[in-house]
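Fold and geometry: a report
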Amino acid sequence: MKLPPIIRKFGGRIIKATPILRRQILFSTDYRLLADVEEARSAAASSGGWLAARTVARQERAYDSLIAAMKRGDPRRDFKVAAEAIAATGIPHPRLLDVGCGSGYYSEVFATLLPDGVDYTGVDYSAAMIERARARYPSTSFEVADATRLPYPDGTFDIVFNGVSLMHIIDYQAAIREAARVAARYCVFHSVPVFDDYRTTYLSKYAYGAPVVEVVFGRQDLMSLCQAAGLRLEAEWPGIAYDVSAVTGHRSGTVTYLFAL
């Protein structure tokens, strides 16, 4: 039963005003600015948010409704953009590595939105994420692996797709180099939070009730790193809203980048 608007409005105010409630109910909340990369490393080492089975379950529940909407013909913008970026490579049924695959939902996105699909492999550093991905998609290949030390030879995949995970990798420089190394033709960095006019910044927050650390990139910093890794920008797409100006003082958004080697 749908609650009356006045009750929903009042309930929303209570949730936002109560730390224990907003951290458990809202997808992302309680952002805090971190001083530098060392503080970010320390916070990430002590959090373990993405390693917890409860975080995996809560993220999966959040995406279940998005997957259902996509199958009804109403994909969220980030799903559409991901498929558009893969299609823009022009490779039919490419060998694709999804780095930071979580519970594997992008395997379903590509199977649904790309006519030829992809030859999909997913990796994530969280064993809990991979366990759930294997249970949900038993015929799909998933492995536990670190984005900064991928266990594949050079040029193994036509496309390396990093979907909404680069922002959670403190050693993102190594993750970019590794993506370029194992990609034969293209890298896609998807839904990357970016400042157009500010430097790369580290934040902590609660995601699905768990403490995590994330990176919001200065565009020029990111482009310089990708260029140094041998990547050439071919196309970009604006993504869903992601504005952290309340805590940083600078507006941000998400962008999906297609790079060629």
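Residues numbered from 1 in each chain as written. Predicted model: local features only at pLDDT ≥ 70, side-chain atom pairs only at ≥ 80, totals over all residues. Heavy atoms only, no water.

1. Some words on the overall build of the chain
Under the convention used in this document: A run of H or I in DSSP becomes a helix once it reaches four residues, and a run of E becomes a strand once it reaches two; helices and strands are each numbered from the N terminus. Each residue is assigned to one of three classes by its accessible area relative to the maximum for its type, calculated with a 1.4 Å probe on protein chains only: buried under 20%, partly exposed between the two thresholds, exposed over 50%. Contacts were defined at the residue level, with two residues in contact if any of their heavy atoms lie within 4.5 Å. Method for areas: the Shrake-Rupley scheme with a 1.4 Å probe, in which residue coverage is limited to the protein chains shown.
Along its length, the chain carries ten helices and ten strands. The buried share of the chain, taken over its 261 residues, is 49%. A sequence separation of at least 24 residues applies to 71% of the contacts in the chain between residues at least 6 apart. A total accessible area of about 12,400 Å² is found for the chain, and carbon and sulfur atoms account for 54% of it.

2. Section: the environment of Met-167
Counting through the fold element by element, Met-167 comes out in the loop between β5 (157-163) and α8 (172-182). In this structure, the C-alpha to C-alpha distance between Met-167 and Glu-214, residues 47 residues apart in sequence, is 5.1 Å. Those residues in contact with Met-167, other than ones at most four positions away along the chain, are Pro-193, Val-213, Glu-214, Val-215, Phe-217 and Tyr-242.

3. Quick word on the confidence of the model for the chain
The cut-off we apply is this: A score between 0 and 100, pLDDT records how confident the predictor is in each residue.
When the pLDDT values of the chain are averaged, the result is 87; 84% of them are 70 or greater. When the criterion is pLDDT under 50, residues 6-27 qualifies, and its contacts beyond four places in sequence or with other chains add up to 28 contacts.

4. Side note on the side chain of Glu-214
Following the sequence through the fold, Glu-214 ends up in strand β8 (residues 210-218). The exposure class of Glu-214 is buried, given its relative accessible area of 0%. Excluding anything up to four places from it in sequence, Glu-214 contacts Tyr-31, Met-167, His-168, Thr-201, Tyr-202, Leu-203, Lys-205 and Tyr-242.

5. A word on the packing of helix α5 (residues 77-87) against helix α6 (residues 105-113)
Each pair of packed helices can be summarised by the angle the axes make with each other and by the distance between the axes. For clarity, the threshold we go by: Here an axis means a line fitted to C-alpha atoms, over the contact stretch when the element is a helix, while the angle between two N-to-C directions is reported on a 0 to 180 degree scale. What sets the label is the angle itself: under 35 degrees gives roughly parallel, over 145 gives roughly antiparallel, 65 to 115 gives roughly perpendicular, and the rest give oblique. The sense of a crossing depends on the near helix, which, turned anticlockwise from the far helix by less than a right angle, makes the crossing left-handed and, turned clockwise, makes it right-handed. Residues are sorted three ways: Asp, Glu, Lys and Arg are charged, Ala, Val, Leu, Ile, Met, Phe, Trp, Tyr, Cys and Pro are nonpolar, and all the rest, Gly among them, are polar.
Packing of α5 against α6 brings their axes to within 10 Å, and their N-to-C directions diverge by 70°. Viewed along their axes, α5 and α6 adopt a mutual orientation that is roughly perpendicular. Crossing handedness for the pair α5 and α6: right-handed. Within the contact between the two elements, α5 uses Asp-78, Phe-79, Lys-80, Ala-82, Ala-83 and Ile-86 and α6 uses Tyr-106, Val-109, Phe-110 and Leu-113. A class-by-class count of the residues in the contact of α5 with α6 yields eight nonpolar, no polar and two charged.

6. Side note on the pairing of strand β6 (residues 183-195)
Selection rule: Strands are treated as partners if at least two bridges between them are detected by DSSP.
Burial within β6 is extensive, with eleven of its 13 residues counted as buried. As paired elements, β6 and strand β10 (residues 252-260) share eight bridges and run antiparallel to each other. Bridge assignment links Tyr-186 to a residue of β10, and that residue is Ala-260. For β6 and β8, the ladder comprises two bridges, and the chain directions are parallel.

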